[in-house]
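Examining the three-dimensional arrangement
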Amino acid sequence: MIGEPYVTLTVLGVLTTGVMAGVFCAFSVLVMRGLAELPPAQAVAAMNAINRAATTPVFMLLFAGSAVVCAVIAVVTFVLLPDRGTTELLLGSALYLVGSFGLTLVANVPRNEALLKLDPGTPEAAAYWPSYIREWTMWNHVRAAASAAAALVYMLALT
């Protein structure tokens, strides 16, 4: 088993990445499916409202805070090189930082920004919506899986 400071940091990593996995999963299996059932104008308006709400301090603290925790785990691991768990700690950090946080910045956020520029009732919004929901949801599945995998790998570091 790994020792301090790794136990505390790793438990925090398990919790934060696990919560984010749940958030991403809920979006994929509940929210996006519900939005897919709406007419495009309503769905675009609802998703734009959700995207604006996602920048609230609580969500941003959880989302970015998870990235900070993972980055701290990676840096501390590189600096102190523990006798055990190095691979798991670095892999868990990479999974979240690249597969969730990074992917959000390069795949989901640009789609959100493009959607926000469209007036929900226009033909352009209706034409963009099917590809948006398909692509955004696909990348969201990856974020959910990467976050869950990060939590799992961090848990393995604790054994």
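You'll find the structure just up there.
Residues numbered from 1 in each chain as written. Predicted model: local features only at pLDDT ≥ 70, side-chain atom pairs only at ≥ 80, totals over all residues. Heavy atoms only, no water.

Two numbers describe how helix α2 (residues 40–53) lies on helix α5 (residues 123–157): the axes approach to 9 Å, and their chain directions differ by 55°. Considered as vectors, α2 and α5 are oriented oblique to each other. α5 is crossed by α2, and the crossing has left-handed handedness. Residues Pro40, Ala43, Val44, Met47 and Asn51 of α2 touch α5, and the partners they reach there are Ala125, Ala126, Trp129, Tyr132 and Trp136. Looking at side-chain class alone, the contact of α2 with α5 contains 9 nonpolar, 1 polar and no charged residues. (Axes fitted to C-alpha atoms, helices over the stretch in contact; angles between N-to-C directions. Helix = DSSP H or I, 4+ residues; strand = E, 2+ residues; numbered from the N terminus. Parallel < 35°, antiparallel > 145°, perpendicular 65-115°, else oblique. Left-handed = near helix turned anticlockwise from the far one by under 90°. Contact = heavy atoms within 4.5 Å. Nonpolar A, V, L, I, M, F, W, Y, C, P; charged D, E, K, R; others polar.)

Another aspect to go through is the pattern of salt bridges. Close approach of charged atoms lets side chains of opposite charge pair. Counted according to the given criterion, the structure contains 1 salt bridge. The residue Glu135 makes a salt bridge to Arg111 at a minimum N-O spacing of 3.1 Å. Placement of Glu135 in helix α5 and of Arg111 in helix α4 (residues 86–116) is noted, with a sequence separation of 24 residues between them. Residue Glu135 is classed as partly exposed on the basis of its relative accessible area, which comes to 27%. (Salt bridge = Lys/Arg side-chain N within 4 Å of Asp/Glu carboxyl O. Buried < 20%, exposed > 50% of the residue type's maximum accessible area, 1.4 Å probe, protein only.)

A separate point is the packing of aromatic side chains. Taken as a whole and assessed by the stated rule, the structure comprises 7 aromatic pairs. Both rings, one in Phe24 and one in Phe63, keep their centres 6.5 Å apart while their planes meet at 80°; by these two values the pair is edge-to-face. In this pair, Phe24 is assigned in helix α1 (residues 6–36) and Phe63 in helix α3 (residues 57–80), connecting sequence segments 39 residues apart. Owing to a relative accessible area of 6%, Phe63 belongs among the buried residues under this scheme. (Phe/Tyr/Trp six-rings, centres within 6.5 Å; stacked < 30°, edge-to-face > 60°.)

This next bit is on a nonpolar patch on the surface. A contiguous nonpolar patch, built from Val75, Phe78, Val79 and Leu80 and spanning about 440 Å² of accessible area, is present on the exposed surface. Along the chain, the position of Phe78 falls in helix α3. (Patch = residues over 30% accessible without salt bridge, like charges linked within 9 Å, V, L, I, M, F, W, Y side chains within 5 Å. Areas by Shrake-Rupley, 256 points an atom, 1.4 Å probe, with all protein chains shown as cover.)

Let us look at the environment of Arg33. For Arg33, the position within the fold is in helix α1. When the C-alpha positions of Arg33 and Thr137 are compared, they lie 9.2 Å apart, and in sequence the two are 104 residues distant.

Grouped together as the largest cluster of nonpolar side chains are 19 residues, with contacts concentrated most on Ile2, Ile73, Leu89, Tyr96 and Tyr154. Listed by contribution, the elements that provide at least two residues to this core are α1, α3, α4 and α5. Of all the elements, α1 adds the most residues to this core, at 6 residues. Residue contacts for Tyr154: discarding those within four places in its chain leaves Thr10, Gly13, Val14, Thr17, Cys70, Ile73, Glu88, Leu89, Gly92 and Ser93. Formed by 12 residues, the second largest nonpolar core is a distinct cluster that contains Phe27, Leu35, Ala43 and Trp129. (Core = buried A, V, L, I, M, F, W, Y, C linked by side-chain atoms within 4.5 Å.)

Let us now look at the layout of surface pockets. By volume, the largest pocket is sized at about 390 Å³. Along the walls of the largest pocket sit 19 residues, with Asn51, Ala54, Phe59, Val109 and Asn112 positioned nearest its centre. Of the residues forming the lining of the largest pocket, the biggest block, 7 residues, is contributed by α4. Of the residues that constitute the lining of the largest pocket, the class distribution is 12 nonpolar, 5 polar and 2 charged. (1 Å grid on protein atoms, 1.4 Å probe; cavity = no way out; pocket = protein on both sides within 12 Å on 5 of 7 lines; lining within 4 Å. Points joined across faces, edges and corners; volume = space filled by probe spheres on them.)

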